[in-house]
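Reading the structure
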Amino acid sequence: MSVDDNATLLADLRAMLGEDAVLCDAATLQLMAGDLYSSGPLPLAVIRPCDSASLAQAVARITAAGLSVVPRGGGLSYTGGYLCEDSGSVLVDLSALNRIEHISAEDMYVVAQAGVSWKQLYDALTPLGLRLPYFGTFSGAAASVGGGLSHGALFFGSARYGSAADNVLGVEVVTADGTLLRTGQWALKADAEPVFRNFGPDTTGLFMHDGGAFGIKTRAAFRLIPLPAHSGYASFAFADFEAAARALSAVARAGLAEEAYVLDAGAVAANAERDRSLRAALRALRQVLGSASGLRGKCRALAGMAKAGRQLVPDNAFSLHLVAAGNCAAAVAHDLACAQALAHQHGGIDIAATVPRIARADPFPGLDAVLGANGSRWAALNVKVAHSRAPALIHAHQQLIAAHSAAIERCGVRVTYLCSALCNYSFSFEAVFHWQDSWQPLHAAALPPARLQMLTAGPDNPDARALVAQLRQQTCALFAQMGGASNQIGRTYPFLSELEAPPARLLHDIKHLLDPQRRMNPGVLGL
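Every value quoted in this text rests on a predicted model; they were computed, and no experiment measured them.

A surface patch of nonpolar side chains, amounting to about 360 Å² of accessible area, comprises Leu-188, Val-195, Phe-196 and Phe-199. Tracing the sequence through the fold places Phe-199 in the loop between β9 (180-182) and α7 (203-206).

Turning our attention to the pairing of strand β8 (residues 168-174). For a regular strand, side-chain orientation follows a simple rule: the groups alternate between the two sheet faces. Buried residues dominate β8, accounting for seven of its seven residues. Across six bridges, the pairing between β8 and strand β10 (residues 216-223) is antiparallel. Paired with Val-173 across the two strands is Lys-217, which belongs to β10. In the sheet, β8 pairs with β9 via three bridges, with the strands oriented antiparallel. Across the sheet, residue Val-174 finds its bridge partner in β9, namely Leu-180. Hairpin connection from β8 to β9: five residues lie between these consecutive antiparallel strands, with Gly-178 at a positive phi of about 90 degrees.

The strand order β1-β2-β4-β3 describes an open sheet built from four strands, whose pairing is mixed. The sheet is open, and its two edges are formed by β1 (22-23) and β3 (68-72), each paired on a single side. Pairing between strand β2 (residues 45-47) and strand β4 (residues 89-93): three bridges, direction parallel. Each bridged residue has a counterpart across the sheet, and for Ile-47 the counterpart in β4 is Val-92. The sheet contacts of helix α3 (residues 52-64) involve β2, β3 and β4, and relative to β3 the element is tilted by about 145 degrees.

This part takes up unusual backbone geometry. Within the chain, Phe-155 stands out as a residue other than glycine whose phi angle is a positive 155 degrees. Residue position: Phe-155 is located in the loop between α5 (145-151) and α6 (158-161). Despite not being glycine, Asn-316 shows a phi value in the positive range, around 65 degrees. The topology assignment puts Asn-316 in the loop between α11 (294-308) and β14 (318-326).

What follows deals with helix α13 (residues 354-361). In terms of burial, α13 is largely enclosed, as seven of its eight residues are buried. Within α13, the full set of buried residues consists of Thr-354, Val-355, Pro-356, Arg-357, Ala-359, Arg-360 and Ala-361.

In this fold, Ser-52 is placed in helix α3. With relative accessibility at 14%, the residue Ser-52 sits in the buried group. A distance of 2.7 Å separates a polar atom in the side chain of Ser-52 from a polar atom in the side chain of Glu-172. Reaching out from Ser-52, the side chain makes a polar contact with the side chain of Thr-218 at a distance of 3.3 Å. Not counting residues within four places of it along the chain, the set of residues in contact with Ser-52 comprises Leu-97, Glu-172, Val-174, Leu-180 and Thr-218.

A few words on the packing of helix α8 (residues 241-254) against helix α12 (residues 329-345). Packing of α8 against α12 brings their axes to within 9 Å, and their N-to-C directions diverge by 150 degrees. The orientation of α8 relative to α12 falls into the category roughly antiparallel. As α8 packs across α12, the resulting crossing turns out to be right-handed. Contacts between α8 and α12 involve Ala-247, Ala-250, Val-251 and Ala-254 on the former and, on the latter, Ala-339, Leu-342 and Ala-343. Tallied by class, residues from the contact of α8 with α12 come to seven nonpolar, no polar and no charged.

Another aspect to go through is the packing of helix α14 (residues 390-402) against helix α18 (residues 462-481). In the contact formed by α14 and α18, the axes pass within 11 Å of each other and the chain directions differ by 155 degrees. The orientation of α14 relative to α18 falls into the category roughly antiparallel. Crossing handedness for the pair α14 and α18: right-handed. Contacts between α14 and α18 pair Leu-393, Ala-396, His-397, Leu-400 and Ile-401 from the former with Leu-471, Gln-474, Thr-475, Leu-478 and Phe-479 from the latter. When grouped by side-chain class, the residues that make up the contact of α14 with α18 number seven nonpolar, three polar and no charged.

A separate point is the side chain of Arg-377. Tracing the backbone through its elements, the reader meets Arg-377 in strand β16 (residues 377-385). A relative accessible area of 3% places Arg-377 in the buried class. For Arg-377, the side chain forms a polar contact with the main-chain oxygen of Tyr-37, separated by 2.9 Å. Once residues lying within four places of it in the same chain are set aside, the contact partners of Arg-377 are Leu-36, Tyr-37, Leu-371, Phe-433, His-434, Trp-435, Asp-437, Ser-438, Trp-439, Gln-440 and His-443.

Let us look at the nonpolar core. Looking at soluble globular proteins, one finds that nonpolar side chains tend to be buried together. Ranked by internal contacts, the top residues of the largest apolar core, which has 106 residues, are Trp-118 and Phe-429. With nine residues, the top contributor of residues to this core is α8. Formed by 24 residues, the second largest nonpolar core is a distinct cluster that contains Leu-9, Ile-47, Val-59 and Leu-94.

We now examine the sheet that holds strand β18 (residues 426-435). Sheet strands pair by backbone hydrogen bonding; their relative direction is either parallel or antiparallel. Sheet architecture is open: seven strands sit in the order β15-β12-β14-β13-β17-β18-β16, paired in antiparallel fashion. At either end of the open sheet lies a strand with only one pairing partner, and these are β15 (349-351) and β16. Strand-to-strand twist of the sheet, defined as the mean angle between neighbouring strand axes without regard to direction, takes the value 25 degrees. Sheet topology note: the strand β12 (residues 230-238)/β14 ladder contains nine bridges and is antiparallel. Residue Ala-234 lies in a different strand from β14, and its bridge partner there is Leu-322. Contacting β16, β17 (414-422) and β18, α14 crosses the sheet at an angle of about 15 degrees to β18.

Moving on to the packing of aromatic side chains. Both the distance between ring centres and the angle between the ring planes are used here to describe each pair of aromatic rings. Overall, the coordinates contain 18 aromatic pairs when judged by the stated rule. Each ring, one from Tyr-37 and one from Trp-435, has its centre 6.2 Å from the other, and the planes form 75 degrees; the classification is edge-to-face. A residue pair is termed long-range when its members are at least 10 positions apart, and Tyr-37 in the loop between α2 (26-32) and β2 and Trp-435 in strand β18 qualify at 398 residues. Side by side, Tyr-37 and Trp-435 carry an identical accessibility label, which is buried. Considering the side-chain rings of Phe-207 and Phe-214, the 6.5 Å spacing of their centres and the 85 degrees angle between planes classify their relative orientation as edge-to-face. A relative accessible area of 2% means that Phe-207 is categorised as buried. For Phe-214, a relative accessible area of 3% translates into the label buried. Each residue in the set Tyr-122, Phe-135, Phe-138, Phe-155, Phe-156, Tyr-261 and Phe-364 is aromatic and connected to the rest through ring pairs, giving one cluster. Above the plane of the ring of Trp-186 lies Arg-219, whose end atom (NZ or CZ) is 4.8 Å from the centre.

Basis of the calculations
Residues numbered from 1 in each chain as written. Predicted model: local features only at pLDDT ≥ 70, side-chain atom pairs only at ≥ 80, totals over all residues. Heavy atoms only, no water. Patch = residues over 30% accessible without salt bridge, like charges linked within 9 Å, V, L, I, M, F, W, Y side chains within 5 Å. Areas by Shrake-Rupley, 256 points an atom, 1.4 Å probe, with all protein chains shown as cover. Salt bridge = Lys/Arg side-chain N within 4 Å of Asp/Glu carboxyl O. Helix = DSSP H or I, 4+ residues; strand = E, 2+ residues; numbered from the N terminus. Buried < 20%, exposed > 50% of the residue type's maximum accessible area, 1.4 Å probe, protein only. Pairing = 2+ DSSP bridges. Contact = heavy atoms within 4.5 Å. Axes fitted to C-alpha atoms, helices over the stretch in contact; angles between N-to-C directions. Polar contact = N/O pair within 3.5 Å; in protein donor to acceptor, adjacent residues only side chain to side chain. Parallel < 35°, antiparallel > 145°, perpendicular 65-115°, else oblique. Left-handed = near helix turned anticlockwise from the far one by under 90°. Nonpolar A, V, L, I, M, F, W, Y, C, P; charged D, E, K, R; others polar. Core = buried A, V, L, I, M, F, W, Y, C linked by side-chain atoms within 4.5 Å. Phe/Tyr/Trp six-rings, centres within 6.5 Å; stacked < 30°, edge-to-face > 60°. Lys NZ or Arg CZ within 6 Å of the ring centre and 35° of its normal.

Next comes the structure, spelled out in structure tokens:
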């Protein structure tokens, strides 16, 4: 497009969306051009629509002009899912679609626009005694439901209820030509509550984990559950990573927890370092006491934290952390007792359950963790495998890292691990790479001002950055070799190239049907 064509397009978008909803200043373009790991070309503009109809109108105008449309949710990813491929793109910032439209305690569903955060939903539902089954990710203070459905959000509640995509009932999507399309029971001509997803083929599932390749999600309906009346916590330490992983799998298969996750010693130490100040300790204590029910529950919480002291986990141990929940205290106690027996069978020893208590007491504490305690950067890669494959995957990845030990030490790179249960049938393995380097614009924008004042960006570190890139590439290749599946695919994990020909052809055909000119986030998923 010529300069005049671009000016005409921007003028039309301002008329559709409003002057303040079309942003072209250098600072905004630079911020929106990158995620927490890397940056791409600057978009022509950033638009910030506040309703579905105006977004649909804008998308139709942009794609008709021959430009690409790239959707962005909370932005807190590291797989390039919303990086522009070239400067001929308009980035859609969905943060102004931030309203919870309807909560039905009678029909047990909630409708939220795509820019609503997991914390926003949690805070709105909790006073009503309701909750999403899966209710958010670590970054839920800013991570959005639209981004979570596009890129596979999981964690809180996932051991029992799965990921965000497993709990959505229907979505509204804008496709490349500006069509506003709804799925599930929402797709009916007649007025209907969106409580049944699988009315015919699962069109809702078509748009899950698509990275915005098939359309831009504008709102979603999620199922609700009553807020569990009772919760319980347990933690266990293991001398061996694979033993901790086997215990995690055993607990997951038995369906005993809402969260079940393994941290290595490095991951625990990093979290402990962030929470070492007196202010953080007092905040954690207040949150734990506030979340405990009744005087007896508060006393138990205090006793557990006192027992833990300053050392949450023994040195060099791998730790398994569990949250059990239910409507009966006896049932929760039974589940924890069963989990304890399984942990002991795999060599675990009981430790104070401070880590899961604090995580649940304040599940969405802010975005301090986008950087390490000393201002270091980090980026994670995850994969899902069957429980039976988890020990071999752990061993293989540790061997991969050991092969680069000299370079890792020279460049100051660290590798930590987080493993978790996704329902009772899937083992989630995550490797996290840490290194000192200059920051991405998003790091400084995401950090609270008080935290930002405490940190200084490191000098440019191309050697460490190149090593991390190499380790990430080899890690993704290992995942593919072992038949693993990832959820936040973006432009990082190989996807289409790993599929057999028939499913790859099907996805290409769907993409062509919905987006024949390939204007909707081109390149994501390898499309």
